[in-house]
Amino acid sequence: MKLGYARVSTVGQDLETQKEKLLKQGIAEDYLYIEKKTGTTTRNREALKDLIKNSREGDIVYITKIDRLARSIIDLNNVMNEFFEKGVTVVFIDNNMTFSADAESNPMQKLLFNVLGAFAEFERDMIVNRTTEGKIRAQHAGKKLGRKGQPEENIKQALHLMNNRDSNNLSVSDIVKATGVPKATIYKKMSSK
């Protein structure tokens, strides 16, 4: 049976291209396993777990590229070994590569597989490095990173209301609703005074 696996890392990425490529391989839409999860680890990837669990000896799993399956050589080897132990063949469409369940007995296939996995991991590490460098440059340029904090006026109002709860009879939830300042922020500001 033909099975397909597609993954994007973020909500903004498009799954359609991957789905189209998988459907062109003759995979029925019901046999596509799709998820939106980061590729740094295969942990917590439910669609991948389901795919491994539901695959049977003789099945062929199609994936567009190696980095859609895993971005670390260790995770890639672990997942591929699970497929191989079950007698499942894995095809990477864009790389035009097929790894059959007897890959362990084929030294050239094993070498090629590990080289491609190493390149996927290297590419991921380079992206992480560039992202980190960009954040450092932005910080040096005086740009603030992360979520925008609460306006100081709202925080002052929330603290004032908290300090006068005996007279205003407001609960913490009431103060959060009235000011829009999260409970954690209120308590943090109160403990720092």
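Source: prediction; values computed, not measured.

*Asks:* Got a minute to help me understand the overall build of the protein in this structure?
*Replies:* Per the secondary structure count, the protein includes nine helices and five strands. Helices (α) and strands (β) of the protein occur, in sequence order from the N terminus, as β-α-β-α-β-α-α-β-β-α-α-α-α-α. A compact globule built from 193 residues should have a C-alpha radius of gyration of about 16 Å, whereas the protein, at 25 Å, is more than 25% larger. Along the longest, intermediate and shortest principal axes, the C-alpha atoms of the protein span 75 × 40 × 25 Å. Long-range pairs, those at least 24 residues apart, make up 60% of the contacts in the protein between residues at least 6 apart in sequence. When the accessible surface of the protein is totalled, it reaches about 12200 Å², and 51% of it is carbon and sulfur. Positive and negative charge centroids in the protein, built from 32 and 25 side chains respectively, lie 9 Å apart.

Calculation notes
Residues numbered from 1 in each chain as written. Predicted model: local features only at pLDDT ≥ 70, side-chain atom pairs only at ≥ 80, totals over all residues. Heavy atoms only, no water. Helix = DSSP H or I, 4+ residues; strand = E, 2+ residues; numbered from the N terminus. Rg over C-alpha atoms; globule rule 2.2 N^0.38 Å. Contact = heavy atoms within 4.5 Å. Areas by Shrake-Rupley, 256 points an atom, 1.4 Å probe, with all protein chains shown as cover. Lys, Arg positive; Asp, Glu negative; His and termini not counted. Charge placed at Lys NZ, Arg CZ, Asp CG, Glu CD.

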